[in-house]
Amino acid sequence: MPTEPLSRARIVAAAIDLIEREGADAVSMRRIAADLNVGVMSLYNHVPNKASLLDGVAESVLSQIEFTDDPGAHWTDRVRMQARAFRQIAHHYPRSTMLVVSRQLHSNAGLFPVERALTTLRQAGFDGADAVRMLRLFIAYVIGSLLREVGVTPTFAPVPGAPPVRDVDPELFPQVSELASLLGSCDHEEEFDFGLELLIQAIAVHLERKGTRG
């Protein structure tokens, strides 16, 4: 079976696969060349340097977000759809998503989700400053939820493969003792939706109060 010709897309795909297996620190032009069984210099015909390669990874991940936006829907429903779409791709590429949020992207692929989110928030009635704050708030929430889900920052959620919450002194820690079973279990989908609804309700109240003051 003939080998697929070397291309930027193939190089980026190899980098994504490596990042998801070993993390972004494992990426080097030499390592990618070895994984693709090609000479390292051949990569530079398609990707000028490592920084460009990492930008390509971030752009590729963002371009795979499947928005099912409905411009006619209420803004709260549109925000829900967009946040869940971002969570879905973040869940599929957790380590690459960390790279996405660490890079300042100026390509169409990098800016399109930002434009979509800001448009939704401005059409809802938020001014520019608040729209940017809300965008950052939702990104922080999605990433924080992702980190907890993959066990990077457990924050009182069970880590896959870890032992359950150990017995504690009920007199010293009455609440921890009583709620140990809840602390030791977590439905990540349910937890994400719970937090998302609180965020949406809070910013809806914020919008209403600003409108009243205006």
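Everything below is about the structure printed above this text.
Note that the coordinates shown come from a computational prediction; the quantities given were computed from them, not determined experimentally.

Engineer: Explain the overall build of the protein chain to me, please; I cannot follow it from the model alone.
Structural biologist: Summing up its helical and strand segments, the protein chain has 11 helices and zero strands in all. The N-to-C order of helical and strand elements in the protein chain reads α-α-α-α-α-α-α-α-α-α-α. Going through the 214 residues of the protein chain one by one, you find that 36% of them count as buried. Looking at the protein chain alone, contacts between residues at least 24 apart form 68% of all its contacts between residues at least 6 apart. Approximately 12,800 Å² of the protein chain is accessible, and the part contributed by carbon and sulfur atoms is 55%.

Engineer: Looking at this model, I keep getting lost on helix H4 (residues 50-63). Mind explaining?
Structural biologist: For the α-helix, the turn length of 3.6 residues means that residues three or four positions removed from each other point alike. For H4, built from 14 residues, the straight-helix expectation of 20 Å at 1.5 Å per residue is met to within 8% by its first-to-last C-alpha distance of 20 Å. Taken together, the buried positions of H4 are Ser52, Leu53, Leu54, Gly56, Val57, Ala58, Glu59, Val61 and Leu62. Next to the buried residues of H4 lie helix H1 (8-22), helix H2 (29-36), helix H5 (75-92), helix H6 (94-100) and helix H7 (108-124). Looking at where H4 begins, the residue whose side-chain oxygen comes 3.3 Å from the main-chain nitrogen of Ala51 is Asn49.

Engineer: What is the right way to read the environment of Leu43 from this model?
Structural biologist: Structurally, the position occupied by Leu43 is in helix H3 (residues 40-43). For the pair Leu43 and Met29, spaced 14 residues apart in sequence, the C-alpha to C-alpha distance is 7.4 Å. Apart from the residues within four sequence positions on either side, Leu43 is in contact with Leu6, Ile11, Met29, Ile32, Ala33, Leu36 and Val38.

Engineer: Got a minute to help me understand the packing of H4 against H7 in this structure?
Structural biologist: Two numbers describe a pair of packed helices, the interaxial angle and the distance between the axes. Between H4 and H7, whose axes approach to 8 Å, the crossing angle comes to 45°. Taken together, the axes of H4 and H7 are oblique relative to one another. Judged by the sense of rotation from one axis to the other, the crossing of H4 with H7 is left-handed. Every residue of H7 that contacts H4 at Glu59, Leu62 and Ser63 is listed here: Ala109, Gly110 and Pro113. Classifying every residue of the contact of H4 with H7 gives three nonpolar, two polar and one charged.

Engineer: Teacher, can you tell me more about a nonpolar patch on the surface here?
Structural biologist: Side chains of Leu172, Phe173 and Val176 sit close together on the surface and give an oily, nonpolar patch of about 270 Å² of accessible area. Topologically, Val176 is positioned in helix H9 (residues 174-178). Residue classification places Val176 among the partly exposed positions, given a relative accessible area of 32%.

Engineer: Please explain the packing of aromatic side chains as it appears in this structure.
Structural biologist: Given two aromatic rings, one states the distance between the centres and the angle between the planes to describe the pair. The full count for this structure, using the stated rule, is two aromatic pairs. A centroid spacing of 5.6 Å and a plane angle of 90° characterise the contact between Trp75 and Phe126, whose relative ring orientation is edge-to-face. A residue pair is termed long-range when its members are at least 10 positions apart, and Trp75 in helix H5 and Phe126 in the loop between H7 and helix H8 (128-149) qualify at 51 residues. Each of the two residues, Trp75 as well as Phe126, counts as buried. When the centroid spacing of 5.3 Å and the interplanar angle of 25° are considered together, the rings of Tyr141 and Phe192 count as stacked. Taken as a pair, Tyr141 in helix H8 and Phe192 in helix H11 (residues 188-213) lie far apart in primary sequence, 51 residues in all. No difference in accessibility class separates Tyr141 from Phe192, as the two residues are buried.

Engineer: Hey, could you run me through the pattern of salt bridges in this one?
Structural biologist: Think of it this way: side chains of opposite charge can pair up when their charged atoms draw near. Following the criterion strictly, the structure yields 13 salt bridges and no others. Residue Asp17 pairs with Arg21 through a salt bridge whose shortest N-O separation is 2.9 Å. Here the residue Asp17 and the residue Arg21 both occupy positions in helix H1, the gap between them amounting to four residues, near one helical turn. According to the relative accessible area criterion, Asp17 is partly exposed, its value standing at 42%. A relative accessible area of 43% means that Arg21 is categorised as partly exposed. Residue Glu197 pairs with Arg80 through a salt bridge whose shortest N-O separation is 2.6 Å. Here Glu197, found in helix H11, pairs with Arg80, found in helix H5; they are 117 residues apart in sequence, far enough to count as distant.

Rules of the game
- Residue numbers here run from 1 along each chain, matching the order of that chain's written sequence.
- With the structure being a predicted model, the display of local features is reserved for residues of pLDDT at least 70 and the display and counting of side-chain atom pairs for 80 or more, all residues being used for whole-chain, interface and lining totals.
- Side-chain calculation: all heavy atoms of the structure are included, whereas hydrogens and water are not.
- In this text, helices come from DSSP runs of H or I with a minimum length of four residues, and strands from runs of E with a minimum of two, each type numbered from the N-terminal end.
- Note on exposure labels: buried denotes an accessible area under 20% of the residue type's maximum, exposed denotes more than 50%, and partly exposed covers the range between, all computed with a 1.4 Å probe on protein chains only.
- A contact between two residues is defined here by any heavy atoms of the two lying within 4.5 Å.
- All accessible-area figures derive from a Shrake-Rupley calculation using a 1.4 Å probe, and residue coverage is judged against the displayed protein chains alone.
- Take the number of residues in a helix, subtract one, and multiply by 1.5 Å to get its expected span.
- In protein, a polar contact means a hydrogen-donor-capable atom and an acceptor-capable atom, both N or O and within 3.5 Å, with residues adjacent in sequence counting only if both atoms are side-chain atoms; elsewhere, any N or O pair within 3.5 Å suffices.
- Between the N-to-C directions of two axes lies an angle of 0 to 180 degrees, each axis being a line fitted to C-alpha atoms and, for a helix, fitted only over the stretch in contact.
- Here roughly perpendicular refers to angles of 65 to 115 degrees, roughly parallel to angles under 35, roughly antiparallel to angles over 145, and oblique to all remaining angles.
- Put simply, a crossing is left-handed when the front helix is turned counterclockwise from the back one by less than a right angle, and right-handed when it is turned clockwise.
- The residue classification treats Ala, Val, Leu, Ile, Met, Phe, Trp, Tyr, Cys and Pro as nonpolar and Asp, Glu, Lys and Arg as charged. All others, Gly included, are polar.
- Only residues whose relative accessible area exceeds 30% and that form no salt bridge are eligible for patches; like-charged ones are grouped when within 9 Å, while nonpolar side chains (Val, Leu, Ile, Met, Phe, Trp, Tyr) are grouped when within 5 Å.
- A pair is scored as a salt bridge if a Lys or Arg side-chain nitrogen falls within 4 Å of a carboxyl oxygen belonging to Asp or Glu.
- Stacked, edge-to-face and tilted are the three classes for Phe, Tyr and Trp ring pairs, Trp counted by its six-membered ring, which pair at centre distances within 6.5 Å; planes under 30 degrees apart are stacked, over 60 edge-to-face, the rest tilted.

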